[in-house]
Every structure is written in structure tokens, then in C-alpha cells.
Amino acid sequence: GAQHAVYGAKRLLDAAREEEYPDEDVQAAIRTLLAAAERGDAYAQYQAGKLYREGYFLPRDDAGAKMFFERATKQENHFAEYALGKLHADETSPFFDETKAADWFERAAEHGNGFAKYRLAKCYLEGKGRAVDIRQSCEPIQCSIECVGK
């Protein structure tokens, strides 16, 4: 069904980064993802946010990326929560805000995202968006090692 089409579109776009694909196939995949995102599919919303954030197949648009990531986070998509953390942590982003970055990393970590646990630990370690707290930084690092190592 619809979820299969979204997954297929994502796979085609991933492959099109590495090898030549007809432009009409790439454009059809983008339309499929964006349509599913507009219908409320959290995975498609996250993928649409990535397309806008990366600027690979669409012009880079941090505001568009943020909009789609935020929509996906309303459905507790931890990948989108992590992506929002990265968007806010990026000093080149118009949405740069270390506190918001740490907040999103924390939320994604609470939902099991191992990469977010690592980034949250770095926030505590470096005092970015959180007060420096060595003890707080140790637990997420240990958890991220366990999660990523699985």
C-alpha cells in the first residue's frame, strides 16, 4: 500500500545519489514522499525534512525541513526528533539554538535513539544547551554505546 510506495520512493532516492536514474523517476519518488508527508505519514515527513535539509534533490530549505520534522515529532518519530536537534545544533542554521538542540536530543534519547543519547551526553560534557555535568554525560554515553552496538 501507501507505506510500501513511500519506502520504495526512499530507496530509489538513496540509489539515485550513487548512480544515474531518469529524472522522471526521481521526480516521481519526490512527489510520492511529499504527498505521503502531507497526508500525515510520519516516516514520509521525516524523509521530506531530510530532502529539504540536505538540499540534494530539492533546494535546501531549513524552514521546510523544520516544518516536516516537527510534524513527524508530533507522532513521536525519534529520527525526526534527532534531526531537529541537529538542525538546532548547526551554527549555520537560521534555527541555531543550543538549548533547543539539547531538548530535542533529550526527547529523541528518551524514545530510544542511540545517536541522540550520544549527542545529549556531549551537550552535558561541553556545556552546550545544558550546564556542564560530567555525571549526566556518562549515562547517555554508556547507553548510546549499548544502543549503537546492537
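Coordinates for the structure precede this section.
Reading the values: the criteria
Residue numbering note: each chain is counted from 1, following its sequence as written. Where totals are concerned, whole chains, interfaces and linings use all residues; where local detail is concerned, this predicted model gives features only for residues with pLDDT of at least 70, and gives and counts side-chain atom pairs only at 80 or more. The basis for every side-chain value is the complete set of non-hydrogen atoms in the structure, without hydrogens or water. Helix and strand labels come from DSSP, where a helix needs a run of H or I of at least four residues and a strand needs a run of E of at least two; each type is numbered from the N terminus. We call a residue buried when its accessible area falls under 20% of the maximum for its residue type, exposed when it is over 50%, and partly exposed in between, using a 1.4 Å probe and counting protein chains only. Contacts are residue-level and defined by heavy atoms, with any inter-residue pair within 4.5 Å sufficient. All accessible-area figures derive from a Shrake-Rupley calculation using a 1.4 Å probe, and residue coverage is judged against the displayed protein chains alone. The way it works is a 1 Å grid over only the protein atoms, where trapped points that fit a 1.4 Å probe form a cavity and open points with protein on both sides within 12 Å along at least five of seven lines form a pocket, and then any residue with an atom within 4 Å of a point lines it. Grid points are joined across faces, edges and corners, and a volume is the space filled by probe spheres set on the points. Take the residue count of a helix, subtract one, and multiply by 1.5 Å to get its expected span. For the purposes of these results, a polar contact is taken to be a pair of N or O atoms within 3.5 Å, where, inside protein, one atom must be able to donate a hydrogen and its partner to accept one; residues adjacent in sequence count only when each atom of the pair is a side-chain atom. Residues enter a nonpolar core if they are buried and are Ala, Val, Leu, Ile, Met, Phe, Trp, Tyr or Cys, with the set joined through side-chain atoms within 4.5 Å. For helices, the fitted line uses only the C-alpha atoms of the stretch in contact; every axis is such a line through C-alpha atoms, and the angle between N-to-C directions lies from 0 to 180 degrees. In what follows, roughly perpendicular refers to angles from 65 to 115 degrees, roughly parallel to angles under 35, roughly antiparallel to angles over 145, and oblique to any angle outside these ranges. Here is the rule for handedness: rotate from the far helix to the near one, and if that takes an anticlockwise turn smaller than a right angle the crossing is left-handed, while a clockwise turn gives right-handed. Three classes are used, and their members are as follows: Ala, Val, Leu, Ile, Met, Phe, Trp, Tyr, Cys and Pro are nonpolar, Asp, Glu, Lys and Arg are charged, and the others, Gly among them, are polar. Aromatic rings from Phe, Tyr and Trp, taking only the six-membered ring of Trp, are treated as a pair when their centres fall within 6.5 Å; an angle between ring planes under 30 degrees marks them as stacked, one over 60 as edge-to-face, and anything in between as tilted.

Re the overall build of the protein chain
If you tally the helices and strands in the protein chain, you get eight helices and zero strands. Along its sequence from the N terminus, the protein chain presents helices and strands in the succession α-α-α-α-α-α-α-α. A total of 150 residues make up the protein chain; the buried ones form 41% of that total. Summarising the internal contacts of the protein chain: among those between residues at least 6 apart in sequence, 47% fall at separations of at least 24. Counting only carbon and sulfur atoms, one obtains 50% of the accessible surface of the protein chain, whose full area is about 8400 Å².

Focus on empty space enclosed by the protein
Take a probe with the size of a water molecule and roll it over the atoms, and the empty space left behind shows itself. A complete count under the given rule lists one cavity of 30 Å³ or more for this structure. Estimates place the volume of the largest cavity at around 60 Å³. Taken together, K10, L13, D14, R17, L33, Q47, K50 and L51 form the lining of the largest cavity. Those elements that provide at least two residues to the lining of the largest cavity are α1 (2-16) and α3 (42-54).

Notes on helix α5 (residues 78-89)
In this model, α5 (twelve residues) spans 16 Å end to end at C-alpha, consistent with the 16 Å of a helix rising 1.5 Å per residue. Here α5 has its buried residues at A80, E81, Y82, A83, L84, G85, L87 and H88. On the buried face of α5, the contacting elements are α3, α4 (62-73), α6 (98-110) and α7 (114-126). Near the N-terminus of α5, the side chain that reaches the backbone nitrogen of F79, with its oxygen 3.0 Å away, is that of N77.

Description of the nonpolar core
Membership of the largest hydrophobic core comes to 26 residues, with the highest contact counts inside it found for L13, I30, L33, L51, F57 and F69. Elements with a contribution of two residues or more to this core: α1, α2 (23-39), α3, α4 and α5. Top element by residues in this core is α2. It accounts for six residues. Counting residues in hydrophobic clusters, the runner-up holds ten residues, among them A102, F105, A109 and A116.

Observations concerning the packing of α5 against α6
The N-to-C vectors of α5 and α6 enclose an angle of 160°; their axes lie 7 Å apart at closest approach. On the basis of the axis angle, α5 is roughly antiparallel to α6. Where α5 crosses over α6, the handedness of that crossing is left-handed. Here H78, E81, Y82, L84, G85, K86, H88 and A89 of α5 come into contact with α6, specifically with E98, K100, A101, W104, F105, R107 and A108. A breakdown of the residues in the contact of α5 with α6 according to their chemical character gives seven nonpolar, three polar and five charged.

Let's talk about the packing of aromatic side chains
For any pair of aromatic rings, the description rests on two quantities: the centre-to-centre distance and the angle between the ring planes. As enumerated under the stated definition, the model contains six aromatic pairs in all. Taking 6.1 Å as the distance between ring centres and 35° as the angle between the ring planes, the aromatic pair formed by Y46 and F69 counts as tilted. Here the residue Y46 occupies a position in helix α3, and F69 occupies one in helix α4, the gap between them amounting to 23 residues. You can call Y46 buried: its relative accessible area is 13%. Relative to F68, the ring of Y52 has its centre 6.0 Å away and its plane inclined at 5°; by these criteria the two rings are stacked. Taken together, the positions of Y52 in helix α3 and F68 in helix α4 put the pair 16 residues apart, joining distant regions of the chain. According to the relative accessible area criterion, Y52 is buried, its value standing at 18%.

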